[in-house]
Amino acid sequence: MAEEPTRKTKLEVGWLAARSTEVGLNGVELTTSRPPKSPPSPPWMEAAVPGTVLGTLLKNNLVPDPFYGMKNETIIDIADSGRGHYTFWFYTSFTVNLSSHQHLELNFRAINYSADLYLNGHRKVLPKGMFRRHSIDVSDILRPDGSNLLAVLVHPPDNPGRIPPEGGQGGDHEIGKDVAAQYVEGWDWMTPIRDRNTGIWDEVSIYLTGPVKIIDPHLVSSFHDDFKRAYLHSTAEFENKSSWAAECSVTFQVTADIEGNICLIENVLTQDIKIPPKSRHQHTFPPIFFYKPQLWWPNGMGQQYLYDVEIVVNVKGYGESDSWKNKFGFRKIESSIDPCTGGRLFKVNGQPVFVRGGNWVLSDGLLRLSKKRYETDIKFHADMNLNMIRCWGGGLAERPEFYHFCDLYGLMVWQEFWITGDCDGRGDPISNPDGPLDHDLFLTCATDTVKLLRNHASLALWVGGNEQTPPDDINKALKRELRLHPLFQTEPVDEEEAVDPSQYLDGSRVYVQGSMWDGFADGKGDFTDGPYEIQNPESFFSDDFYQFGFNPEIGSVGMPVAETVRATMPPDGWKLPLFNQLPSGYVEECPNPVWVYHKYIPYSKPGKVHDQILLYGEVTDLDDFCQKAQMVNYVQYRALLEGWNSKMWSKHTGVLIWKMQNPWTGLRGQLYDHLHDQTAGFFGCRHAAETVHVQLNLSSYFIEVVNNTGDELNGVAVEMSVWDLEGVCQYQRVTEHTSIPSKKVIKTVEMSYPKLAGRKPVYFLLLKLLSISDSRVLSRNFYWLHSAGGDFKLLEPYRRRRVPLEITSEVKVQGSLYKVKLQVRNASNSPSLSKLPTLFSLRKIIFGKKVVRINSVDPEPGVAFFIRFSVHRAEKGLDNGGDTRILPVHYSDNYLSLVPGESTAVDISFEVPHGVSPRIMLDGWNYPGKFSIV
């Protein structure tokens, strides 16, 4: 993300808001003689800017939290209230004094959906469209004393639509007639947003320049000689706001961070240009040469190296007039259809990338967006070892802050435009097949979005829409405007080589017309994505599970932990589903109405999948249900990705999970919840998506090794061991030394324990991939398994087994940031087992190393099973229904299991609110309740 220049000031505090029908004043009066007072009195209230009308009402406790329980049903919908109910004034003031030849712009990075702007009594109309920037030169209407009054009347979308009683995808689809986010009428994973996200939902700022302003520079890198030579291409527009010809000196500088605040100037270029008065001039710089630049790589493939680029324009007789700073990553992303699998193949810097990623709608359904929340979201994806995020077409054109963190953490981004099949040609009732009513507006928003985002290294491709292509004229225009420059085509075209690639709107990334076309799903637009519900884990490995090369959407369950259920629902929402036994032998889950409202997906699929929670035994209460759900989550999502691993390059080129998270407190398709607590599926994904990975094929029971690195793995072996419920190793084997070629998955040996006489009906399998030369564990994978046709009910009495743990902790505190290192050991094999002292807890953070022993009274040998760490306030509180968790927390591992004598390290990092003392708790299958360990 570009650094914030000192000439820019964000207007993000001090806003007031009021419903337009309750104000009784016009914009001229509000910004001259009768401005609202602060602190406000009705109808005025403190406003959420950036934010939405509904966010403002919630901030002032005028509506209940729409994401809590079924409170959303008590909030009036715009279809019933009329658009006037959510038409709001937003008011603020700012101070600025201009000197000679200075200019001030008032910038809105996005408004939904249109607005009338008044500044010091002067009116400006901001045109329609949720995804366009508005920049207004207000230099000549500023007050001489420097105090300025600003009022913005924001109008909702023109076609907010109505929510049918049965709900469904996109309500009645009317929102598809506008250029706006389409999820707001509700979906099968989302409740409707009552104001349709009306508001000043993105950044507002004032921007001070001299007579010449820099507009939308475009940076493009090209490579030659196997990436030894690189060129940085750049084009920028310069606007001369003065009434005289501006003689300019423009400096283009590239620097690299060496260490800390030390920077190295890599390249600098200065050129003179002359711009006529009151005009714009596009200037293309000569390509700047780099020899072997540091490259940007996707997560798991290398470093995400970013250079600093700065453009400064000095005007003769004035001095520095404007400057622009941006991070830039040298990388080349190629995308084509793989002839072997038919799936879309991505290459970065010449290396093929097996895509394992997730679908993304947006961070928060009420558009309560922030850099801090974005960083957590994106780091969570990186923590899961994923390498791509798909920004779904019914959501947002994501913000620069989102892309900034994708740049930092190596997540490639697939960005869709605002077309979804449900709102564009199908559905019940049938939706408008011709997309938005105003096609020119759509293309205006698309062009502006491209200019806003195109300099980000993480941006990998543009896609026309979700499960649909844009209308023909829009699609043709996007294909034309986003055509590849010859330098980035598979077969370069000579006649265009004289055109610098930075002069294209964006010619370095592929445009694909829809999410199921051209190498995605069946490539023809048929509905061949999905499925979206629980599966038998072994099904993911079946040859006939998914027939196509790249699945853009495959979803499953997503029940969070019990603390989240209690924090987001009233007691009626804590009731367990009814498990109805059907004549077929399958069980049908009937969830309570609150879970239904929150779009719960059952853990059974009568006729195909037996209830996966009941495999572990009867459910006693909410905590029991959610703990068993986490076990299923872990198995389900690990099997999903391992099934794709198993057919890497032979059948598949990539997969995207639907979805990684929920923009509200939903109960489906998520690896972490809206409160930012991870489900166990998060860590199942993390292990399955390792760059180097050992896994069990649940269909063939052969051990497979996945090498996703650019180098061959030499001198490795697989160690497998089977442990019973008494903690006895029943079976152990180490394979012969072998080598694993780069970008390959290799089948090694069969795990033959299930065929042995005397095998146990429930057992644990530990796999390790070892480096023979130094005994390093390159990958570790732990399974709990049952015999064919069996279940896990023997694990229920195993809860009572008191397996001892020894935990060593070391804590470092930097302000509000805590970094904790745990060494966790299953002490079953300790010779001093009988001498361990009684369990004690450390009640507060203690510096240095401390040891906690758990289950040290009458310990029993065994596997320490499904251990979960969590961070809490040390003081007991009743907020959020007694929820004491501190969130978010980053864990290097969680929901882990250790065989007797085994030890592992866990890193935990988190921030705490001011004045709060944290403690780290442990619970698990063998560890009922919670033990305080730090």
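Structure: above.
Note that the coordinates shown come from a computational prediction; the quantities given were computed from them, not determined experimentally. (Residues numbered from 1 in each chain as written. Predicted model: local features only at pLDDT ≥ 70, side-chain atom pairs only at ≥ 80, totals over all residues. Heavy atoms only, no water.)

**Here we look at the layout of surface pockets**
Inference 1: In this structure, the second largest pocket occupies an estimated 1,100 Å³ of space.
Inference 2: Lining of the second largest pocket is provided by 36 residues; of these, Arg373, Leu675, His676, Leu887 and Pro888 occupy positions nearest its centre.
Inference 3: Elements with a contribution of two residues or more to the lining of the second largest pocket: helix H4 (371–383), helix H8 (562–568), helix H13 (879–882) and strand S44 (903–911).
Inference 4: A total of five residues in the lining of the second largest pocket trace back to one element, the largest contributor, which is H4. (1 Å grid on protein atoms, 1.4 Å probe; cavity = no way out; pocket = protein on both sides within 12 Å on 5 of 7 lines; lining within 4 Å. Points joined across faces, edges and corners; volume = space filled by probe spheres on them. Helix = DSSP H or I, 4+ residues; strand = E, 2+ residues; numbered from the N terminus.)

**Some remarks on the environment of Gly666**
Inference 1: Relative to the helices and strands, Gly666 resides in the loop between strand S29 (654–658) and helix H11 (680–688).
Inference 2: For Gly666, a relative accessible area of 4% translates into the label buried.
Inference 3: A C-alpha to C-alpha distance of 25 Å links Gly666 and Lys608, two positions 58 residues apart in sequence. (Buried < 20%, exposed > 50% of the residue type's maximum accessible area, 1.4 Å probe, protein only.)

**Some words on the pairing of strand S33 (residues 729–734)**
Inference 1: Across five bridges, the pairing between strand S32 (residues 713–723) and S33 is antiparallel. Bridge pairing in S33 places Met720 opposite Arg733.
Inference 2: Between S32 and S33, which pair antiparallel one after the other, the connecting turn spans five residues, and Gly727 there sits at a positive phi close to 85°. (Pairing = 2+ DSSP bridges.)

**What about a nonpolar patch on the surface?**
Inference 1: Judged by side-chain polarity, Ile258, Ile262 and Leu264 come together as a nonpolar surface patch covering roughly 300 Å² of accessible area.
Inference 2: Structurally, the position occupied by Ile262 is in strand S14 (residues 262–275).
Inference 3: Residue Ile262 is classed as exposed on the basis of its relative accessible area, which comes to 54%. (Patch = residues over 30% accessible without salt bridge, like charges linked within 9 Å, V, L, I, M, F, W, Y side chains within 5 Å. Areas by Shrake-Rupley, 256 points an atom, 1.4 Å probe, with all protein chains shown as cover. Salt bridge = Lys/Arg side-chain N within 4 Å of Asp/Glu carboxyl O.)

**Focus: the packing of helix H6 (residues 439–453) against helix H7 (residues 472–481)**
Helix-helix packing: each pair is described by the crossing angle between the helix axes and the interaxial distance.
Inference 1: The N-to-C vectors of H6 and H7 enclose an angle of 25°; their axes lie 10 Å apart at closest approach. Compared by their axis directions, H6 and H7 come out roughly parallel. Here H6 and H7 pass one another in a crossing that is right-handed. Listed contacts from H7 to His439, Phe442, Leu443 and Ala446 of H6 are Asp473, Ile474, Ala477 and Leu478.
Inference 2: Classifying every residue of the contact of H6 with H7 gives six nonpolar, one polar and one charged. (Axes fitted to C-alpha atoms, helices over the stretch in contact; angles between N-to-C directions. Parallel < 35°, antiparallel > 145°, perpendicular 65-115°, else oblique. Left-handed = near helix turned anticlockwise from the far one by under 90°. Contact = heavy atoms within 4.5 Å. Nonpolar A, V, L, I, M, F, W, Y, C, P; charged D, E, K, R; others polar.)

**Notes on the packing of helix H10 (residues 622–646) against H11**
Inference 1: Two numbers describe how H10 lies on H11: the axes approach to 7 Å, and their chain directions differ by 25°. Considering their axes alone, H10 and H11 lie roughly parallel with respect to each other. With respect to the hand of their crossing, H10 and H11 are arranged in right-handed fashion. Contacts between H10 and H11 involve Gln630, Asn633, Tyr634, Tyr637, Arg638, Leu641, Glu642 and Asn645 from the former and Ala680, Gly681, Phe683, Gly684, Cys685, His687 and Ala688 from the latter.

**Considering the sheet that holds strand S13 (residues 246–259)**
Inference 1: Here we have four strands laid out as an open sheet, ordered S14-S13-S16-S17, and antiparallel in their pairing. Every interior strand has two partners, whereas the edge strands, S14 and strand S17 (319–328), have only one. Taken pair by pair, the neighbouring strands of this sheet meet at an average axis angle of 15°, ignoring direction.
Inference 2: Pairing of S13 with S14 involves 13 bridges; the strand directions are antiparallel. Its bridge partner being in S14, Asp257 is matched across the sheet by Cys263.

Read these as geometric descriptors, not functional statements.
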